[in-house]
Amino acid sequence: MSERYRTIIEPFRIHSVEPLRFLSDRERRTKIRDAGYNLFNLHADDVLIDLLTDSGTGAMSRDQWAAVQHGDESYAGSPSWFVFLGAVQELFPFPHVIPTHQGRAAEKILFSAIAGPGNIVPNNTHFDTTRANVEFTGAEAVDLVIPEGRDPAALHPFKGNMDLEALEKLLVERAADIPVVFVTVTNNSGGGQPVSLENLRSVRSLCDRFGVPLFLDACRFAENAWFIKTREAGQDGRDVPDIVREMASLADGMTMSAKKDPMANIGGWLALRDDAWAEQCRNLLILTEGFPTYGGLAGRDLEAIAQGLRECLDEHYLRYRTRSIEYLSDALVAAGVPIVRPAGGHAVYLDARALLPHVPPLRYPGQALAVALYEAGGIRGCEIGTVMFGMKPDGTEEPAATDLVRLAIPRRTYTQSHVDYVIEVVTDVAAQANELPGYKIVEQASRLRHFTARFEPLA
Ligand code: F0G
């Protein structure tokens, strides 16, 4: 790119398009009412701009589609498996790589093998499925992000960092009950905020001191590495893959969803050093996912992931990617909308608790805001707050640390004019936020209730 011009452009042009479907305001109000005011229950055709997740929703490249054609569907020892294995180990040189159909399958297998009642798993912040998989074994999931990471307004370049003092205290008290320490990069539930190399190194040395393994939940490793390169002292001159390899070298293993940074529509893996754990995990893999050279995936998926892994480390791509999130973030800050700052790597998080002070957490301000964005402009975001995290394993309910609405930006999918539209809708809804009703839950499951709960607005 020329150094003379400042505009950061999409580093691609578009070769195949999908139409959007436009509904009237009245149609949207009916659709969301029929969906029990849960955005997960909508027909995706009824959504105009879908920011529910950046997971599996990215646009694959020409070269990924070409790689799909190379897919070899041999049951065992497929060449596509070796392409995948090579691409993974080039960045994450763990001796054992276990392919799964997505990230949560890797979590389920790992925690089934290593955690159980009486155990504690610390993480900067557990993602919802990670927490649920830890708790499903009877273990306890503890979030130990730095205090700035819990304050949406605090400006800190690495708000995903682990609180080292809190981790040390927990290790002093309970190391024998801690099978693994996890660090999530970037910290999705905490605002898509990165973790610094310095922090990872310190977590590593604490883990060494107490003899506890360290794993990465590495879904957004490339975005995290880009933040390290651009924000951390002394990292500027390094290649992104080099930073990724250092992140990997500090860990004993990883769980991964290939639906995020690797820009595949499905896929994941578990990778680790320990032979005994790997054997246990492979045996579980064969029970539920498949043979160890394909896991839960088709050969074509393995090829698409391998190609995506190379593309997501391209600096033009990463510069555009992080800038496009920052663009949305800057505009909302300028409009006075409270959001988690600084901009995260894959999403902008609206601070619903701050925007709707008249709606108490147990009346779900995040849900109220998410519904309003759909009703007003057909935008689908995702509540990350008391609906998602407020229900404890014993069935009681308490407010989550924050009530946010995440607008996750799928990779390479929407253009700047889509984002300009989002800015306009969010600003308009924010101006009328004091009129939005709270909600009550009229139907819910005992775990991961946000996916299926049904709501009613309060008068
Ligand atoms: N870990 C993190 C940090 C995640 O963000 C996700 C998924 C997973 C694990 C599980 O991976 O979906 O492949 O099973 N996050 C998506 C999201 C669903 O919308 O943030 P998965």
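Residues numbered from 1 in each chain as written. Predicted model: local features only at pLDDT ≥ 70, side-chain atom pairs only at ≥ 80, totals over all residues. Heavy atoms only, no water.

Colleague: For this particular structure, what's the right way to read the site of the ligand?
Modeller: In the vicinity of the ligand there are 17 residues, among which Thr53, Arg104, Asp217, Lys260 and Arg406 approach most closely. Contact between the ligand and glutamine 102: an oxygen atom at 2.9 Å from a side-chain N or O atom of the residue. In the complex, 94% of the free accessible area of the ligand, which totals 470 Å², lies under the protein chains. With three residues, the top contributor of residues to the shell around the ligand is helix 4 (residues 103-114). (Near = heavy atom within 4 Å. Polar contact = N/O pair within 3.5 Å; in protein donor to acceptor, adjacent residues only side chain to side chain. Areas by Shrake-Rupley, 256 points an atom, 1.4 Å probe, with all protein chains shown as cover. Helix = DSSP H or I, 4+ residues; strand = E, 2+ residues; numbered from the N terminus.)

Colleague: How should the packing of aromatic side chains be read in this particular structure?
Modeller: Between two aromatic rings, the relevant description is the distance of the centres plus the angle of the planes. Counted under the stated rule, the structure contains 16 aromatic pairs. With a centroid separation of 5.5 Å and an interplanar angle of 55°, the aromatic rings of tyrosine 37 and tyrosine 439 are classed as tilted. Residue tyrosine 37 is found in the loop between helix 1 (25-34) and strand 1 (49-50), and its partner tyrosine 439 is found in strand 13 (residues 439-443); the two are separated by 402 residues along the sequence. The buried category is assigned to tyrosine 37, whose relative accessible area is 12%. The structure contains a cluster of three or more aromatic residues connected by ring pairs, namely Trp81, Phe82, Phe84, Phe92, Phe221 and Trp269. (Phe/Tyr/Trp six-rings, centres within 6.5 Å; stacked < 30°, edge-to-face > 60°. Buried < 20%, exposed > 50% of the residue type's maximum accessible area, 1.4 Å probe, protein only.)

Colleague: Looking at this model, I keep getting lost on the sheet that holds strand 7 (residues 253-257). Mind explaining?
Modeller: Strands in a sheet are paired, the pairing made by backbone hydrogen bonds, and the direction either parallel or antiparallel. Pairing within the open sheet is mixed, and its five strands lie in the order 2-8-7-6-5. For this open sheet the edge positions go to strand 2 (96-100) and strand 5 (181-184), each flanked by a neighbour on one side alone. Sheet twist, expressed as the mean angle between neighbouring strand axes with direction ignored, is 15°. Direction of pairing for strand 2 relative to strand 8 (residues 268-272): antiparallel, over a ladder of five bridges. If you follow proline 99 over to strand 8, its bridge partner there is tryptophan 269. (Pairing = 2+ DSSP bridges. Axes fitted to C-alpha atoms, helices over the stretch in contact; angles between N-to-C directions.)

Colleague: Teacher, can you tell me more about helix 16 (residues 416-431) here?
Modeller: Because an α-helix packs 3.6 residues into every turn, residues spaced three or four apart end up facing the same way. Spanning 16 residues, helix 16 covers 23 Å between terminal C-alpha atoms, matching the ideal 22 Å at 1.5 Å per step. Of all the residues in helix 16, the buried ones are Val419, Val422, Ile423, Val425, Val426, Val429 and Ala430. (Expected span 1.5 Å × (residues − 1).)

Colleague: Just to check I follow, could you spell out the environment of histidine 346 for this structure?
Modeller: When you line up the elements, histidine 346 lands in the loop between helix 12 (315-334) and strand 9 (347-351). Judged by its relative accessible area of 0%, histidine 346 falls in the buried class. Between the C-alpha atoms of histidine 346 and glycine 192, which are 154 residues apart in sequence, the distance is 6.2 Å.

Colleague: Just checking my understanding: could you explain the domain arrangement of the protein for this structure?
Modeller: A common way to express how large an interface is: the accessible area buried when the components associate. Annotation of the protein at the domain level lists domain 1 (25-54 + 314-457) and domain 2 (62-311). Inter-centroid distance (C-alpha atoms) of domain 1 to domain 2 is 26 Å. Domain 1 puts 30 residues into the contact, and the matching count from domain 2 is 36 residues. Together, the buried faces of domain 1 and domain 2 total about 2,800 Å²; carbon and sulfur atoms form 57% of this surface. The largest share of the area that domain 1 buries against domain 2 comes from Leu318, Pro342 and Arg411, three residues that together contribute 18% of it. (Domains from an automatic or database assignment. Contact = heavy atoms within 4.5 Å. Buried area = accessible area lost by both parts, 1.4 Å probe.)

Colleague: It is not clear to me how the nonpolar core should be interpreted in this structure. Could you clarify?
Modeller: Grouped burial of nonpolar side chains is what soluble globular proteins tend to show. In this structure, Phe92, Val181, Val183, Phe221, Met247, Met254 and Trp269 are the most contacted members of the largest nonpolar core, which totals 62 residues. Here this core spans two domains, since at least three of its residues come from each of domain 1 (25-54 + 314-457) and domain 2 (62-311). Apart from the residues within four sequence positions on either side, valine 183 is in contact with Asn123, Asn124, Met162, Val195, Leu200, Val203, Leu214, Phe215, Leu216 and Asp217. With 49 residues, the next largest nonpolar core counts Ala368, Tyr374, Val405 and Val425 among its residues. (Core = buried A, V, L, I, M, F, W, Y, C linked by side-chain atoms within 4.5 Å.)

Colleague: What am I meant to see in the sheet that holds strand 12 (residues 404-408) here?
Modeller: One open sheet accounts for three strands, arranged 9-12-11; its pairing is antiparallel. In the strand order of this sheet, the two ends are held by strand 9 and strand 11 (382-384), each with one partner. Neighbour-to-neighbour, the strand axes of the sheet open up by a mean angle of 35°, direction not taken into account. Judged from the five bridges that link them, strand 9 and strand 12 form a sheet pairing that is antiparallel. In the strand pairing of strand 12, aspartate 351 is matched with leucine 404. Sitting on the sheet, helix 14 (residues 365-377) is in contact with strand 9, strand 11 and strand 12, with an inclination near 40° to strand 12.

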